[in-house]
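A look at the structure
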There are 2 protein chains.
Amino acid sequence: MNPKFYSLPTEKQSAILNAGFHVFSQNTYKKSPMSEIADAAGISKALLFHYFRNKKELYLFLWDTCCRITVEEMTRSGAYEQRDLFTCMDSGMQAKLRLMRQYPDLGAFAVRAFYEKDPEVSAEIRESMGQYLDAHAAKKLQKLDPEDFIPGIDLQMMYREMYWASEGCLWEYIQRGCMDVNAMEEDFRRLLAHWKKTYLRKEREEASL
Amino acid sequence: MNPKFYSLPTEKQSAILNAGFHVFSQNTYKKSPMSEIADAAGISKALLFHYFRNKKELYLFLWDTCCRITVEEMTRSGAYEQRDLFTCMDSGMQAKLRLMRQYPDLGAFAVRAFYEKDPEVSAEIRESMGQYLDAHAAKKLQKLDPEDFIPGIDLQMMYREMYWASEGCLWEYIQRGCMDVNAMEEDFRRLLAHWKKTYLRKEREEASL
DNA sequence: ATAGGGTTGACCGATACGGTTAACGGAGGC
DNA sequence: GCCTCCGTTAACCGTATCGGTCAACCCTAT
């Protein structure tokens, strides 16, 4: 990959990244043409090939960038350090929304890339990351104090269920095509409030009065 | 569409349907080649064109079939009639799982088709269905008795959250590529039990003792 | 004016596409 | 044995698209 890419004005860099995320998220690796990416980025195909030697290089660069900025944003938000589960989720949500605002198709791209089966790239993808999130989730789960939550609750199930609901909500937006991040934030916020009221012992007791 | 298609042995019919669902669910309409579908179905491209005049006809037939058998299966399961919310969800789940077993890519296809933007087919798709599920959900919601649930709960939020979690769980399986329906059933069942224990007043009171 | 680098339209060979056609092959009737 | 029918296919057609290249075009700074 040509280092001159980095000396491009940041808007143009973003435009190229977003174009790549978008096109590769809509189709298989093999069925995602470079010309379409170039068009979406507002540059010529030749210039795209000037910055990235070939399709594979662009794809792996996108994957790399996707992982990098996600972790960066998550770290920066402090989501990894928060003690309380719900403030942790709130920070994570903030980070995700900021990412979504800047790179609307990053989420969809990440999922597709993760499950991409084309032998030209699948090995590299699968190798580079792996059980990142799972490991984090397990650690987070261990730190929870059952006393904070309503009695008899299965904390692991609660965690999985909340994760799935977030993903389901996210997917609804992704599939719809238009990423209305503000509406999304509203939805997430309501979800979080709902869970707090449902799962936290203190809030539940107050609501029961 | 050639009526002789229906006199094919049912396994061959299913093979063609599944092949179509699979290929069209992985890529845009335009980037989904007929040859690939024929290969996946184990027949020649020429034969596929013998049963369906052209690509558009096959695609719309698949969409139609997808809607038809989903509604059929849902009705047959009695999901639309159940009074209690959770037994209703259980029936719906059973129906969905039966569908998934027979047509592993039906779910993914449905979502993609619903949001397909290609002008050659988008109009027909959007027109044929619409707010089907939403209307149903609203009706279901009105029938709920707040007394059955934990006090202070936002029933609409609860409903949305449960819907998203199911979708999120489903998507995790879809994206993973391999549809292990048994594992899925296990997960759904646990989700349901979790919700009953969390949201139902009676079960909650028992758990609190 | 000229040298240099960012940028592109035009091009290349290969292949993939939607759709057609002529022919194959086997089952049934005579 | 011969013919007919019909499900099925390999081979083909014209076109479009693909990944990738290249010579030439700006534009700016000397």
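Just so you know, these numbers come straight off a predicted model, no measurement behind them.

1. A few points about the relation of the copies chain B and chain A
With an axial shift of 0.0 Å and an RMSD of 0.1 Å, the rotation relating chain B to chain A amounts to 180 degrees. This pairing of chains is accounted for by a two-fold axis.

2. Describing the nonpolar core
What tends to happen in soluble globular proteins is that the nonpolar side chains get buried as a cluster. One finds Phe149 and Tyr199 of chain A together with Phe149 and Tyr199 of chain B to be the most contacted residues of the largest nonpolar core, which totals 62 residues. Contributing elements (two or more residues each) for this core: helix H5 (85-102), helix H6 (106-115), helix H9 (155-176) and helix H10 (181-199) of chain A together with helix H5 (85-102), helix H6 (106-115), helix H9 (155-176) and helix H10 (181-199) of chain B. Residues contacting Tyr199 of chain A, with those up to four places away along its chain left out, are Phe86, Asp148, Phe149, Ile150, Ile153, Met158, Glu161 and Met162 of chain A together with His194 and Thr198 of chain B.

3. Some points on the side chain of Ser14 of chain A
All names here are of chain A. Counting through the fold element by element, Ser14 comes out in helix H1 (residues 10-26). A residue is classified by how much of its surface remains accessible, and Ser14, at 18% relative accessible area, is buried. Dropping the residues within four chain positions of it, Ser14 is found in contact with Gln102 and Tyr103.

4. Describing the protein's contact with DNA strand C
Residues in contact with DNA strand C amount to 15 residues; listed here are only the nearest, Ala46 and Tyr51 of chain A together with Pro33, Lys45 and Lys55 of chain B. Each atom of DNA strand C within 4 Å of the protein was classed as base or backbone; sugar and phosphate made up 51%. Residue Ser44 of chain A places a main-chain N or O atom 3.2 Å away from a phosphate oxygen belonging to DNA strand C. Between DNA strand C and Met34 of chain B, the relevant distance is 2.9 Å, taken from a phosphate oxygen to a main-chain nitrogen or oxygen of the residue. Those elements that provide at least two residues to the surface near DNA strand C are helix H3 (45-51) of chain A together with helix H2 (34-41) and helix H3 (45-51) of chain B. For the surface near DNA strand C, the class distribution of residues is 7 nonpolar, 4 polar and 4 charged.

5. Notes on the environment of Ile16 of chain B
All names here are of chain B. Residue position: Ile16 is located in helix H1 (residues 10-26). Residues Ile16 and Arg101, 85 residues apart in the sequence, show an inter-C-alpha distance of 15 Å. In this structure Ile16 touches Phe5, Leu8, Ala41, Ile43, Leu48 and Phe52, once residues within four positions along its chain are discounted.

6. Some points on the packing of aromatic side chains
Under the definition given, this model contains 30 aromatic pairs over all chains. Each ring, one from Phe5 of chain B and one from Tyr6 of chain B, has its centre 5.8 Å from the other, and the planes form 70 degrees; the classification is edge-to-face. On the accessibility criterion, Phe5 of chain B (1% relative accessible area) is buried. Over the ring of Tyr29 of chain A we find Lys55 of chain A; its NZ or CZ atom is 4.9 Å from the centre of that ring.

7. Focus: the pattern of salt bridges
Residue and element names in this part refer to chain B. A complete count under the given rule lists 30 salt bridges over all chains for this structure. The salt bridge involving Asp187 is made with Arg190; its shortest N-O contact spans 3.5 Å. In this pair, Asp187 and Arg190 are both assigned in helix H10, 3 residues apart and thus about one turn of the helix distant. Residue Arg190 is classed as partly exposed on the basis of its relative accessible area, which comes to 37%. Measuring nitrogen to oxygen at the nearest pair gives 3.9 Å for the salt bridge that ties Glu205 to Arg201. With a gap of 4 residues between them, Glu205 and Arg201 both fall in helix H11 (residues 201-208), about one helical turn apart.

8. Considering the packing of H1 of chain A against helix H4 (residues 55-77) of chain A
Helix-helix packing: each pair is described by the crossing angle between the helix axes and the interaxial distance. All names here are of chain A. The contact between H1 and H4 brings their axes to 10 Å, and the two run at 100 degrees. In terms of axis orientation, H1 runs roughly perpendicular to H4. In this structure, H1 uses Leu17, Gly20, Phe21 and Phe24 to contact H4, whose residues at the interface are Lys55, Leu58, Tyr59, Phe61, Leu62, Thr65 and Cys66. Looking at the contact of H1 with H4 residue by residue, the classes come out as 8 nonpolar, 2 polar and 1 charged.

9. Some details on the environment of Ala165 of chain B
With respect to the helices, strands and loops of the structure, Ala165 of chain B is situated in helix H9. Excluding residues within four positions of it along the chain, Ala165 of chain B makes contact with Glu161, Trp164 and Ala165 of chain A together with Leu191 and Trp195 of chain B.

10. Comments concerning the protein's contact with DNA strand D
Taken together, 15 residues form the shell around DNA strand D, and within it Pro33, Met34, Lys45 and Lys55 of chain A together with Tyr51 of chain B come nearest. Expressed as a percentage, the sugar and phosphate content of the atoms of DNA strand D within 4 Å of the protein is 53%. Met34 of chain A is positioned with one of its backbone polar atoms (N or O) 2.9 Å from a phosphate oxygen of DNA strand D. Among the secondary structure elements, those contributing two or more residues to the surface near DNA strand D are helix H2 (34-41) and H3 of chain A together with H3 of chain B.

Calculation criteria
- Residues numbered from 1 in each chain as written.
- Chains lettered and ligands numbered in written order.
- Predicted model: local features only at pLDDT ≥ 70, side-chain atom pairs only at ≥ 80, totals over all residues.
- Heavy atoms only, no water.
- Least-squares fit on C-alpha atoms with pLDDT ≥ 70 in both.
- Core = buried A, V, L, I, M, F, W, Y, C linked by side-chain atoms within 4.5 Å.
- Buried < 20%, exposed > 50% of the residue type's maximum accessible area, 1.4 Å probe, protein only.
- Helix = DSSP H or I, 4+ residues; strand = E, 2+ residues; numbered from the N terminus.
- Contact = heavy atoms within 4.5 Å.
- Near = heavy atom within 4 Å.
- Polar contact = N/O pair within 3.5 Å; in protein donor to acceptor, adjacent residues only side chain to side chain.
- Nonpolar A, V, L, I, M, F, W, Y, C, P; charged D, E, K, R; others polar.
- Phe/Tyr/Trp six-rings, centres within 6.5 Å; stacked < 30°, edge-to-face > 60°.
- Lys NZ or Arg CZ within 6 Å of the ring centre and 35° of its normal.
- Salt bridge = Lys/Arg side-chain N within 4 Å of Asp/Glu carboxyl O.
- Axes fitted to C-alpha atoms, helices over the stretch in contact; angles between N-to-C directions.
- Parallel < 35°, antiparallel > 145°, perpendicular 65-115°, else oblique.

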